There are 2 protein chains.
Amino acid sequence: MKTLRVPEATVTRLSIYSRFLERLDRNGVTSVSSGEIAEGVGVSPAQVRKDLAYFGEFGTRGVGYNVKDLMHYTMKILNLTQPWPMALAGAGNLGTALCTYRNFRERGFAIVGVFDNDLTKIGKRIEDLTVQPLEEMPQVIKQRGIRIGIIAVPTRAAQEVADLMVRNHLKAILNFAPIALNVPEDVMIRNVDLSVSLEVLTFNLKYRGTYESEE
Amino acid sequence: MKTLRVPEATVTRLSIYSRFLERLDRNGVTSVSSGEIAEGVGVSPAQVRKDLAYFGEFGTRGVGYNVKDLMHYTMKILNLTQPWPMALAGAGNLGTALCTYRNFRERGFAIVGVFDNDLTKIGKRIEDLTVQPLEEMPQVIKQRGIRIGIIAVPTRAAQEVADLMVRNHLKAILNFAPIALNVPEDVMIRNVDLSVSLEVLTFNLKYRGTYESEE
DNA sequence: CGCCTAAAGTTATATATTTCACATATTTTA
DNA sequence: TAAAATATGTGAAATATATAACTTTAGGCG
Ligand SMILES: NC(=O)c1ccc[n+]([C@@H]2O[C@H](COP(=O)([O-])OP(=O)(O)OC[C@H]3O[C@@H](n4cnc5c(N)ncnc54)[C@H](O)[C@@H]3O)[C@@H](O)[C@H]2O)c1
Ligand SMILES: NC(=O)c1ccc[n+]([C@@H]2O[C@H](COP(=O)([O-])OP(=O)(O)OC[C@H]3O[C@@H](n4cnc5c(N)ncnc54)[C@H](O)[C@@H]3O)[C@@H](O)[C@H]2O)c1
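Fair warning: this is a prediction, and the values are worked out from it, not measured in the lab.

## Observations concerning the packing of aromatic side chains
In the structure shown here, the tally under the stated rule is eight aromatic pairs over all chains. Summarising the aromatic geometry, the rings of A:Phe55 and B:Phe203 are spaced 6.2 Å apart at their centres and angled 80° between planes, so their arrangement reads as edge-to-face. Placement of the pair is A:Phe55 in the loop between helix H3 (45-53) and strand S3 (59-60) and B:Phe203 in helix H9 (residues 194-207), with the two residues belonging to separate chains. Neither A:Phe55 nor B:Phe203 differs from the other in exposure class; each is buried. Their ring planes at 55° and their centres at 6.4 Å tell us that B:Tyr54 and B:Phe55 sit as a pair that is tilted. Taken together through their ring pairs, the aromatic side chains of A:Tyr54, A:Phe55 and B:Phe203 make up a single cluster.

Now the structure itself:
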């Protein structure tokens, strides 16, 4: 058994390939080449092959890849053969949008508990979910076997919510609050930070990725 | 005048440093070291200094950085000395949330036009904005001097909306639809892809960033 | 006033990632 | 059945990025 480190960039691209393959499959395409995948997702063919090579040999030389097979392999690698129930903290504007987000379900993700601490929000229905008091999160996490948390509370409340999630053994958190959360080593955080994304754009609108010092 | 290529990761971190400095400044902190910045945003002190070194010398050896000054420098570098009006396509669940997002304004961003093609959405008010027909986007872009577009329409409509934005000379697009958009070289795209973020988490929940081949 | 400490700036080193080129395997075709 | 065409898998080279080690400078203090 060989263990090797996989670049995070490779994992993100694998997720993108996987979804692209799903689309091909839905469209009835049965076979695909690294070049076509590359074209479809905007990377180089060599990159596609290199990425896949971390995990095994999935293609046939001279032919390409079987779409359905490769799709299943990628989903297996990404750990998507099981459903992923998730807990959402914050039933505000963003939280509500997330509850209605259909694409989650297509990949096996589902928000199964929404929690808030505002009495006017608690009890509110969002599609088939009912907003619950934050205090009930621990119990729901346990009952539903939740391992992933989503933070959509205001910045000032984000750390305390993260602490609560950590105390209740969540090991993966998707954070929308624009702040660096402090969590133990074994807890993974992914930040979705729109200001950062926009500021990379404004930077590049000026400099195009280079910087001209003023002398 | 020296032109040098700046890693995208550096720009991303610069944005994070910048916001952290803003917070320090609000809290009345006047001086800060690379170590404190590093601590606050979760990177190494050497990384902070290296990143800043791309753009100049902003600190005082033995002392640290003046918070207000460094904050202004970072904002200048990130091109945040001007307001950034933005056009949003898609007044659905996500689009509505984005319209209410306060943090945009703190950094100079503002959605000044929301566009949809659903007659039941057009005319709807979202805070101080009114949803307009997509056809009016070109005119608003021109009038308001918009350079950044946001795509929050369903996946199937994303490419045509992107095309429209490109035709109207937007050079930067923040895209929430989970698809690779096809745009000319001189147009920048940033994708916000939640499934990808979640799948990096599920991958790591299984392998912790390594992969064990099955033999 | 010179020594000591702290922390920035910088150079060198190490690591990670991507690109390139090619050897290899498969299918098609003459 | 040999040759041609095609597309994978991979090792080496090129790039890019991060870490670590070192040098320089400012300010405090005896
Ligand atoms: N609105 C957006 O489009 C958007 C986009 C990106 C990021 N964000 C970020 O997402 C977060 C939420 O944004 P929003 O616009 O939905 O804000 P919001 O004010 O509409 O919603 C926040 C919700 O969190 C709840 N809350 C507050 N403290 C809580 C606590 N301690 N425990 C549980 N719930 C608590 C509030 O009652 C409210 O319902 C913010 O951090 C924001 O910066 C928002
Ligand atoms: N809801 C979320 O939390 C969320 C999160 C991440 C990404 N996304 C993505 O953002 C996009 C929007 O998601 P949503 O949940 O808001 O969907 P939604 O269906 O609620 O809203 C989409 C809106 O786009 C409008 N629209 C459709 N075609 C259009 C066109 N050609 N021109 C202009 N407007 C058009 C619709 O009328 C609708 O108002 C989707 O691509 C989705 O995958 C959503």
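## Brief notes about the protein's contact with DNA strand D
Looking at DNA strand D, there are 23 residues lining it, with A:Ser34, A:Arg49, A:Gly59, A:Gly62 and A:Tyr65 nearest. When atoms of DNA strand D within 4 Å of the protein are split into backbone and base, the sugar-phosphate part holds 74%. Contacts to DNA strand D include A:Tyr65, whose side-chain N or O atom sits 2.9 Å from a phosphate oxygen. B:Lys50 has a polar side-chain atom sitting 3.3 Å from a base oxygen of DNA strand D. It is helix H3 (residues 45-53) of chain B that contributes the most residues to the surface near DNA strand D, four residues altogether. Here the surface near DNA strand D is built from residues that sort into six nonpolar, nine polar and eight charged.

## Quick look at the domain arrangement of chain A
The assigned domain composition of chain A is domain 1 (8-77) and domain 2 (84-195). Taking only C-alpha atoms, the centre of domain 1 of chain A and the centre of domain 2 of chain A are 31 Å apart.

## Focus: the site of ligand 2
Ligand 2 sits among 25 residues. The nearest are B:Asn93, B:Leu94, B:Asp116, B:Lys121 and B:Val153. Residues within reach of ligand 2 are spread across chains A and B. At a separation of 3.5 Å, an oxygen atom of ligand 2 approaches a polar backbone atom of A:Leu98. B:Val153 places a main-chain nitrogen or oxygen 2.7 Å from an oxygen atom of ligand 2. Among the elements of the structure, helix H5 (93-99) of chain A together with helix H5 (93-99) and helix H8 (155-167) of chain B are those that each provide at least two residues to the shell around ligand 2. The element contributing the most residues to the shell around ligand 2 is H8(B), with four residues.

## Section: the relation of the copies chain B and chain A
Two copies of the chain are present, and they differ by a rotation about an axis and a shift along that axis. Screw-axis analysis of chain B against chain A gives a translation of 0.0 Å along the axis, an RMSD of 0.0 Å, and a rotation angle of 180°. Both copies of the chain, as the preceding transformation shows, are related through a two-fold rotation axis. Take the interface residues of chain B: 100% of them recur as interface residues in chain A, which is what a same-surface contact looks like.

## Points about the interface of chain B and chain A
Listed per partner, the contact involves 71 residues of chain B and 71 residues of chain A. Between chain B and chain A, roughly 6,700 Å² of surface is buried when both sides are summed, and carbon and sulfur atoms account for 63% of that area. The tally of links from chain B across to chain A stands at four salt bridges. For the salt bridge of A:Asp193 with B:Arg19, the shortest nitrogen-to-oxygen distance reads 2.5 Å. The tally of links from chain B across to chain A stands at 12 residue pairs in polar contact (both at pLDDT 80 or more). For the side of chain B that touches chain A, the leading source of residues is H9(B), giving 14 residues. When the residues that make up the side of chain B that touches chain A are grouped by side-chain class, the tally is 38 nonpolar, 16 polar and 17 charged.

## Digging into the site of ligand 1
Taken together, 24 residues sit near ligand 1, with A:Asn93, A:Leu94, A:Asp116, A:Lys121 and A:Val153 positioned nearest. At ligand 1, the nearby residues belong to more than one chain, namely chains A and B. At a separation of 2.8 Å, an oxygen atom of ligand 1 approaches a polar backbone atom of A:Leu94. For ligand 1, an oxygen atom lies 2.7 Å from a polar atom in the backbone of A:Val153. For the shell around ligand 1, the secondary-structure elements that each account for two or more residues are H5 and helix H8 (155-167) of chain A together with H5 of chain B. Of all the elements, H8(A) adds the most residues to the shell around ligand 1, at four residues. Partitioned by chemical class, the residues of the shell around ligand 1 number 15 nonpolar, five polar and four charged.

## Focus: the state of the cysteines
Tallying each qualifying case throughout the model produces zero disulfides over all chains. Of all cysteine sulfurs, the one in B:Cys99 lies closest to A:Cys99, which takes part in no disulfide; the gap is 19 Å.

The rules behind these values
- Residues numbered from 1 in each chain as written.
- Chains lettered and ligands numbered in written order.
- Predicted model: local features only at pLDDT ≥ 70, side-chain atom pairs only at ≥ 80, totals over all residues.
- Heavy atoms only, no water.
- Phe/Tyr/Trp six-rings, centres within 6.5 Å; stacked < 30°, edge-to-face > 60°.
- Helix = DSSP H or I, 4+ residues; strand = E, 2+ residues; numbered from the N terminus.
- Buried < 20%, exposed > 50% of the residue type's maximum accessible area, 1.4 Å probe, protein only.
- Near = heavy atom within 4 Å.
- Polar contact = N/O pair within 3.5 Å; in protein donor to acceptor, adjacent residues only side chain to side chain.
- Nonpolar A, V, L, I, M, F, W, Y, C, P; charged D, E, K, R; others polar.
- Domains from an automatic or database assignment.
- Least-squares fit on C-alpha atoms with pLDDT ≥ 70 in both.
- Contact = heavy atoms within 4.5 Å.
- Buried area = accessible area lost by both parts, 1.4 Å probe.
- Salt bridge = Lys/Arg side-chain N within 4 Å of Asp/Glu carboxyl O.
- Disulfide = S-S within 2.5 Å.

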